[in-house]
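Residue strings, one per chain:
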Amino acid sequence: MDYLIRVANINDLDSIAKLWEKLSIDQMSKDPYYKGDLVFSGGYSQFKQALNSDNCCIFVAEVNNIVIGFIEVWLYQKDFYFFIDDYAYILHFFIDPDARRSENILSIIYNLFEAALNWAIEKGSRYIIADAFAHNIRIMKLLERVGFESYRIRYVKELSSK
């Protein structure tokens, strides 16, 4: 099965927003601290803004002219989260679960990451950062496989209301 990795455009807005909704449901349903409904809106305005920002690039993976996945990368200035330098940040990454059975899935994943890394380099970033929920072991292994290393770990303790 052939696939294409390309820069997203405004015509991809609907596909990206629908994938983001699936991503949000998948991740929030596994998050022990998330107490909200599993109905997510705002994707269209969020991604419309992202697609029009010079500080963001979204790449999509396409199979048979259907968007099956995306990676969203932003440029940030050094801050409390990364003191060292300005950096690129992967905000979202998702492949539709039905597409994950593709014989090319590892290649698709790798090439989405490569596209984001190359864009960040072209924009002058020396670092790229991504976060992962502790329950998402697969993405942590994937990040390590494509060369990321652990930098910070966030700890949480729920406080009782007593």
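Residues numbered from 1 in each chain as written. Predicted model: local features only at pLDDT ≥ 70, side-chain atom pairs only at ≥ 80, totals over all residues. Heavy atoms only, no water.

Q: Looking at this model, I keep getting lost on helix H3 (residues 105–122). Mind explaining?
A: The periodicity of an α-helix, 3.6 residues per turn, causes residues three or four positions apart to be oriented the same way. Relative to the 26 Å expected for 18 residues at 1.5 Å per residue, H3 spans 26 Å between its end C-alpha atoms, a close match to the ideal helical length. Close packing links the buried residues of H3 with strand S1 (4–7), strand S2 (56–63), strand S3 (66–76), strand S4 (87–95), strand S5 (128–130) and helix H4 (137–145). Positive backbone phi, approximately 95°, marks Gly-124, located one or two places after H3. (Helix = DSSP H or I, 4+ residues; strand = E, 2+ residues; numbered from the N terminus. Expected span 1.5 Å × (residues − 1). Contact = heavy atoms within 4.5 Å.)

Q: Any chance you could explain the pairing of S3 here in plain terms?
A: The two faces of the sheet receive side chains in turn, since in a regular strand these alternate between them. When you tally the buried positions in S3, you get nine out of 11 residues, the bulk of the element. Sheet topology places S2 next to S3; eight bridges connect them, and they run antiparallel. Residue pairing for S3: Cys-57 is matched across the bridge by Val-73. Here S2 folds back onto S3, and the loop between the two strands holds two residues, one of which, Asn-64, carries a positive phi near 50°. The pairing of S3 with S4 spans eight bridges and is antiparallel. In the strand pairing of S4, Gly-69 is matched with Ile-95. (Buried < 20%, exposed > 50% of the residue type's maximum accessible area, 1.4 Å probe, protein only. Pairing = 2+ DSSP bridges.)

Q: Looking at this structure, I do not really get a nonpolar patch on the surface. What am I missing?
A: A surface patch of nonpolar side chains, amounting to about 590 Å² of accessible area, comprises Phe-80, Tyr-81, Phe-83, Ile-84 and Tyr-151. With respect to the helices, strands and loops of the structure, Tyr-81 is situated in the loop between S3 and S4. (Patch = residues over 30% accessible without salt bridge, like charges linked within 9 Å, V, L, I, M, F, W, Y side chains within 5 Å. Areas by Shrake-Rupley, 256 points an atom, 1.4 Å probe, with all protein chains shown as cover. Salt bridge = Lys/Arg side-chain N within 4 Å of Asp/Glu carboxyl O.)

Q: So what exactly am I meant to see when it comes to the sheet that holds S3 here?
A: The strands making up a sheet associate through hydrogen bonds between their backbones, and the pairing can be parallel or antiparallel. The sheet built from five strands is open, its strands ordered S1-S2-S3-S4-S5 with mixed pairing. If you trace the sheet from one side to the other, it starts and ends with S1 and S5, each paired once. Within the sheet, the average angular offset between the axes of one strand and its neighbour, ignoring direction, is 25°. In the sheet, S1 pairs with S2 via four bridges, with the strands oriented antiparallel. Paired with Val-7 across the two strands is Phe-59, which belongs to S2. Here helix H1 (residues 13–28) sits on the sheet and contacts S2, S3 and S4; the angle it forms with S3, its principal contact strand, is near 85°. (Axes fitted to C-alpha atoms, helices over the stretch in contact; angles between N-to-C directions.)

Q: Before we go on, may I ask you to explain the pattern of salt bridges in this structure?
A: For side chains bearing opposite charge, pairing can occur when the charged atoms are close. This structure, assessed with the given rule, holds seven salt bridges. Asp-14 serves as the salt-bridge partner of Lys-18, at 3.1 Å between the closest nitrogen and oxygen. One end of the pair is Lys-18 and the other is Asp-14, both in helix H1 and four residues apart, which spans about a single turn. Exposure remark for Lys-18: the relative accessible area of 45% places this residue in the partly exposed category. Taken together, the salt bridges that share partners define one network made up of Arg-6, Asp-12 and Glu-62.

Q: What is the right way to look at the packing of aromatic side chains in this model?
A: Each pair of aromatic rings is reported with the distance of its centres and the angle of its planes. Summed over the entire model, instances satisfying the criterion amount to nine aromatic pairs. Ring plane angle 85° and centroid distance 5.7 Å describe the contact between Phe-47 and Phe-70, whose orientation is recorded as edge-to-face. One end of the pair, Phe-47, is in helix H2 (residues 43–51); the other, Phe-70, is in strand S3, and 23 residues separate them in sequence. Their ring planes at 40° and their centres at 4.8 Å tell us that Phe-93 and Phe-113 sit as a pair that is tilted. Of this pair, Phe-93 sits in strand S4 while Phe-113 sits in helix H3, and the two are 20 residues apart along the sequence. Across the pair, Phe-113 and Phe-93 agree in class, each one buried. Through a chain of ring-to-ring contacts, three or more aromatic side chains come together here, namely Tyr-76, Phe-82, Tyr-87, Tyr-89, Tyr-127 and Tyr-151. The ring centre of Phe-80 lies 5.3 Å from the NZ or CZ of Arg-152, which sits over that ring. (Phe/Tyr/Trp six-rings, centres within 6.5 Å; stacked < 30°, edge-to-face > 60°. Lys NZ or Arg CZ within 6 Å of the ring centre and 35° of its normal.)

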